[in-house]
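# Structural characterization, general
These are the residues of each chain, in order.
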Amino acid sequence: MDRVGLAAALFAEGEAEQGATSAQEALDEAARVDSALVVSRLNTLLDAARPYKTAAVDEVRARAADLAAARPTAVAA
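Residues numbered from 1 in each chain as written. Predicted model: local features only at pLDDT ≥ 70, side-chain atom pairs only at ≥ 80, totals over all residues. Heavy atoms only, no water.

### Let's talk about the packing of helix 3 (residues 36-49) against helix 4 (residues 55-69)
- In the contact formed by helix 3 and helix 4, the axes pass within 9 Å of each other and the chain directions differ by 155 degrees. As far as their axial angle goes, helix 4 and helix 3 are roughly antiparallel. Here helix 3 and helix 4 pass one another in a crossing that is left-handed. Between helix 3, through V39, L42, N43, L45, L46 and A49, and helix 4, the contact on the second element is made entirely by V57, V60, R61, A64, A65, L67 and A68.
- Looking at the contact of helix 3 with helix 4, its residues break down into 11 nonpolar, 1 polar and 1 charged. (Axes fitted to C-alpha atoms, helices over the stretch in contact; angles between N-to-C directions. Helix = DSSP H or I, 4+ residues; strand = E, 2+ residues; numbered from the N terminus. Parallel < 35°, antiparallel > 145°, perpendicular 65-115°, else oblique. Left-handed = near helix turned anticlockwise from the far one by under 90°. Contact = heavy atoms within 4.5 Å. Nonpolar A, V, L, I, M, F, W, Y, C, P; charged D, E, K, R; others polar.)

What follows is the structure, encoded as structure tokens:
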């Protein structure tokens, strides 16, 4: 999940194109992991990408939202 965090950090620093490239690679890996932590990281990525309106970022947003929707959510104990 470090790669998802890196992509989110790139978006937060204003590096939208690098963030989108990094996010695509991270999403490939995140698709193989089924956990609530993945959902948390994907939501962080979605928040960081929110200000950008490019085709590459829109694609990242769509993939991340789809992956987050397909994952379990944390249950309060």
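### A few points about the packing of helix 1 (residues 2-12) against helix 2 (residues 16-30)
- Helix 2 packs onto helix 1 with a crossing angle of 160 degrees between their chain directions and a minimal axis gap of 8 Å. On the basis of their axis angle, the class for helix 1 and helix 2 is roughly antiparallel. Along this stretch, helix 1 crosses helix 2, giving a crossing that reads as left-handed. Contacts between helix 1 and helix 2 pair R3, V4, L6, A7, L10 and F11 from the former with A16, Q18, G19, A20, S22, A23, E25, A26, E29 and A30 from the latter.
- In the contact of helix 1 with helix 2, the residues fall into 10 nonpolar, 3 polar and 3 charged.

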